[in-house]
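Residue-level listing of the chains:
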Amino acid sequence: MDSKSKHSRRKFLKIATTSLPALSLVAEAAPISRASAMPPRGKSSPKGSVSVVAANKQHPVLSFAVKELQHYLQEITGSTVTIGNNSADHHIYVGGVPPTAPPAAAQEIHSSVSGLKEDGFIIRTVGPDIVLLGKGDRGNVYACYAFLERLGVRWFFPGKQY
């Protein structure tokens, strides 16, 4: 592992733990930018609300991915995670880039996705939000499941959930 990837992992963990305290993120991803008004480490926002936002609410695959993400985030955090709530403190965008993303960040995300192979995906932070974006429908679903796995969710076998 080179020092650049170590640095970006550390930087992401710092951003993730300060920008989404409600989820207590422990994941690896490349950060895009950091919000200037984030709470100091260890101090969480009193609200801390999280919403999952689909790029296309009518698309059945994205709708499925968003519902899965919502379900498992609620299971692991014990907090309510809404779908499509624009007034939430933090958002997880599935299948698209946040409308509030700076143009340079949006361009970097789109160029990263265009360079992926079929079903590839990226997980990025943009300020206090997270972007799960895949190349194609399966890529978006894979991004959601990979994100959940980085948070510690496992599917060992079908059947009873523990």
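Look up: the structure comes first, before these words.
Conventions and cut-offs
Here, residues in each chain are numbered from 1, in the same order as that chain's written sequence. For a predicted model such as this one, the threshold for reporting local features is a pLDDT of at least 70, and the threshold for listing and counting side-chain atom pairs is 80 or more; totals across whole chains, interfaces and linings nevertheless cover every residue. To obtain the side-chain values, all non-hydrogen atoms of the structure were included, while hydrogens and water were left out. Only Phe, Tyr and Trp rings take part, Trp by its six-membered ring, and two of them pair if their centres are within 6.5 Å. Stacked means planes under 30 degrees apart, edge-to-face means over 60, and tilted covers everything else. Each helix is a run of H or I in the DSSP string that is no shorter than four residues. Each strand is a run of E no shorter than two, and both are numbered from the N terminus. We define a salt bridge as a contact between a side-chain nitrogen of Lys or Arg and a carboxyl oxygen of Asp or Glu at a distance within 4 Å. Buried residues are those whose accessible area, probed at 1.4 Å on protein chains only, stays under 20% of the maximum for their type, while exposed residues exceed 50% and partly exposed ones sit between those limits. Strands qualify as paired when DSSP identifies two bridges or more between them.

A.B. asks: Which residues make up the packing of aromatic side chains, and what values do they have?
C.D. replies: According to the stated counting rule, one finds 2 aromatic pairs in the structure shown. Taking 5.3 Å as the distance between ring centres and 85 degrees as the angle between the ring planes, the aromatic pair formed by tyrosine 72 and tryptophan 155 counts as edge-to-face. You can see tyrosine 72 sitting in helix α2 (residues 60-77) and its partner tryptophan 155 sitting in the segment after α4 (137-150), a full 83 residues away along the chain. These aromatic residues form a ring-pair network of at least three members: Tyr72, Tyr145 and Trp155.

A.B. asks: Run through the pattern of salt bridges, naming residues and quoting values.
C.D. replies: This model, assessed by the stated rule, comprises 3 salt bridges. The salt bridge involving glutamate 108 is made with arginine 124; its shortest N-O contact spans 4.0 Å. With a gap of 16 residues between them, glutamate 108 in helix α3 (residues 103-114) and arginine 124 in strand β5 (residues 121-126) connect regions that are remote in the sequence. In this structure arginine 124 comes out as buried when scored by relative accessible area, which is 15%. For arginine 138, the salt bridge goes to aspartate 119, with nearest N and O atoms at 3.0 Å. Pair noted here: arginine 138 is in helix α4 and aspartate 119 is in the loop between α3 and β5, with a separation of 19 residues, a long-range link. Residues participating in the shared-partner salt-bridge network are Glu118, Asp119 and Arg138.

A.B. asks: Describe the pairing of strand β6 (residues 129-134), with residues and values.
C.D. replies: With 6 of 6 residues buried, β6 lies mostly within the body of the structure. Burial along β6 is two-sided: Asp129, Val131 and Leu133 facing one way and Ile130, Leu132 and Gly134 facing the other are all buried. Note that strand β4 (residues 90-94) and β6 share 3 bridges and pair parallel. Bridged to valine 94 within β6 is leucine 132. Sheet analysis places β5 next to β6, joined by 6 bridges and oriented antiparallel. What sits directly across from isoleucine 122, in β6, is leucine 133.

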